[in-house]
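Results of the structural survey
Listed below, chain by chain, are the residues.
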Amino acid sequence: MTVLGYRLPGMSSLLLWALLWEVVGRTGWTFFIPPLSDVFVTLVDVIGTPAFLKAMYETAYAFLAGVFFAVIIGIPVGILIGKSRLLDELILPWVNIFLSAPLTALVPVLMVLFGFGMKSIIITTTLFAIWIIILNSRAGVKQINRSLVDMARSFGATPMDAFFKIYFWAALPEILGGVRIGVIRAVKGVIIGQLLISIVGFGALFELYSNNFMMKHFWAVLIVLFAVAFSLSEFLAYLERRVSYYAASR
């Protein structure tokens, strides 16, 4: 769909689903799906309340902290196992295991080890995001032309120079792809943590609204969560496309 000369990816599909949602809600077929227009009215009423702002802060704090640790740990680990065959053989099987395993099952273990507070929620968020970041960073390093590394060494580059000036920048398109998927997984991780570990943030609102059958409020909060996740994903996808363009040009 094009608006004012700009292409809005997926907007036509979203509008179609929004129309279908409104129609189903107006039929009164199920209380679980209220009309979308009523949900937006409720969202306007809820979004400025102290409870919503407090939940937004708690969720944003846990989410940003979890993504931060996933990025600063995942990218270096992915680059290291991508450039070292020994580390690759030692670490890659565990990365694949945790990437494919149901991480929700680890939440009780995290509760025992780190308690019921924000620390466990942040660790849960990190675990949901970090493995795909490691895997994509490794894949980016594997695709680097070895002549770049050999040329850097011939000019006296240290291993640290090669790490930051060759491996990171050459693998950046794949790294950004991993971060984009990791951010989406982190949204799921932070909500699961807030529902299972400590009922705070958006998790507390979901619990409150679902238990009291306040479906308009429930969907209003969920729409905010979806909008944030979609916006972050689209922004990172844009950066990924730009970096891929310049990498191809180079």
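My aim in this report is to walk through the structure given alongside it, one point at a time. Each chain has its residues counted from 1, running along the sequence as written. Totals for whole chains, interfaces and linings use every residue, but because this is a predicted model, local features are given only for residues with pLDDT of at least 70 and side-chain atom pairs only at 80 or more, for both listing and counting. Side-chain numbers here rest on the full set of heavy atoms in the structure, without hydrogens or water.

**Some remarks on the overall build of the chain**
- Secondary structure is summarised from DSSP: a helix means a run of H or I of at least four residues, a strand means a run of E of at least two, and numbering begins at the N terminus for each. The secondary structure content of the chain amounts to 11 helices and two strands.
- Going residue by residue from the N terminus, the α and β elements of the chain occur as β-β-α-α-α-α-α-α-α-α-α-α-α.
- Taking the principal axes of the C-alpha coordinates as reference, the chain spans close to 70 × 55 × 30 Å.
- Burial classification: accessible surface area is computed with a 1.4 Å probe over protein chains only, and a residue below 20% of its type maximum counts as buried, one above 50% as exposed, and the rest as partly exposed. Within the chain, the proportion of its 250 residues that are buried is 40%.

**Things to note about unusual backbone geometry**
- In this structure, Phe213 is a non-glycine residue whose phi angle is positive, near 55°.
- Counting through the fold element by element, Phe213 comes out in the loop between α10 (201-211) and α11 (215-249).

**Focus: the packing of aromatic side chains**
- Between rings of Phe, Tyr and Trp, where Trp is taken as its six-membered ring, a pair exists when centres lie within 6.5 Å; planes separated by under 30 degrees are stacked, by over 60 edge-to-face, and by other angles tilted. Taken as a whole and assessed by the stated rule, the structure comprises 10 aromatic pairs.
- Aromatic side chains Phe68 and Phe69 sit 5.4 Å apart centroid to centroid with 70° between the ring planes, which places their arrangement in the edge-to-face category.
- A relative accessible area of 47% places Phe68 in the partly exposed class.
- You can call Phe69 partly exposed: its relative accessible area is 37%.
- Clustering of aromatic rings is evident, with ring pairs tying together Trp21, Phe32, Phe206, Phe218 and Trp219.

**So, a nonpolar patch on the surface**
- Patch building starts from residues that exceed 30% relative accessible area and form no salt bridge, then joins like charges within 9 Å and nonpolar side chains (Val, Leu, Ile, Met, Phe, Trp, Tyr) within 5 Å. Residue exposure ignores everything except the shown protein chains as possible cover, and the areas themselves are Shrake-Rupley values with a 1.4 Å probe. When a carboxyl oxygen of Asp or Glu is within 4 Å of a side-chain nitrogen of Lys or Arg, the pair counts as a salt bridge. On the surface, a nonpolar cluster with roughly 360 Å² of combined accessible area is contributed by Phe68, Phe69, Ile72 and Ile73.
- Relative to the helices and strands, Ile72 resides in helix α3 (residues 50-83).

**A few points about the pattern of salt bridges**
- Counted by the stated rule, this structure contains eight salt bridges.
- Among the salt bridges present, the one from Arg26 reaches Glu22, with a minimum N-O distance of 2.8 Å. With Arg26 and Glu22 both in helix α1 (residues 11-27) and four residues apart, the pair spans about one turn of that helix.
- Where Asp38 meets Lys216, a salt bridge forms, and the shortest distance between an N and an O atom there is 3.9 Å. Of this pair, Asp38 sits in helix α2 (residues 36-46) while Lys216 sits in helix α11; the two residues are 178 residues apart in sequence, bridging distant segments of the chain.
- Owing to a relative accessible area of 23%, Asp38 belongs among the partly exposed residues under this scheme.
- Here the salt bridges do not stand alone but share partners, grouping Glu22, Arg26, Asp38 and Lys216 into one network.

**Some remarks on the layout of surface pockets**
- Put simply, the grid is 1 Å and covers the protein atoms alone, a cavity is a trapped set of points that fit a 1.4 Å probe, a pocket is an open set with protein on both sides within 12 Å along at least five of seven lines, and lining residues have an atom within 4 Å of a point. Grid points are joined across faces, edges and corners, and a volume is the space filled by probe spheres set on the points. Estimated volume of the largest pocket: approximately 520 Å³.
- Taken together, 14 residues line the largest pocket, and the ones lying closest to its centre are Leu14, Trp21, Ile223, Phe226 and Ala227.
- Residue assignment for the lining of the largest pocket shows that the elements contributing at least two residues are α1, α2 and α11.

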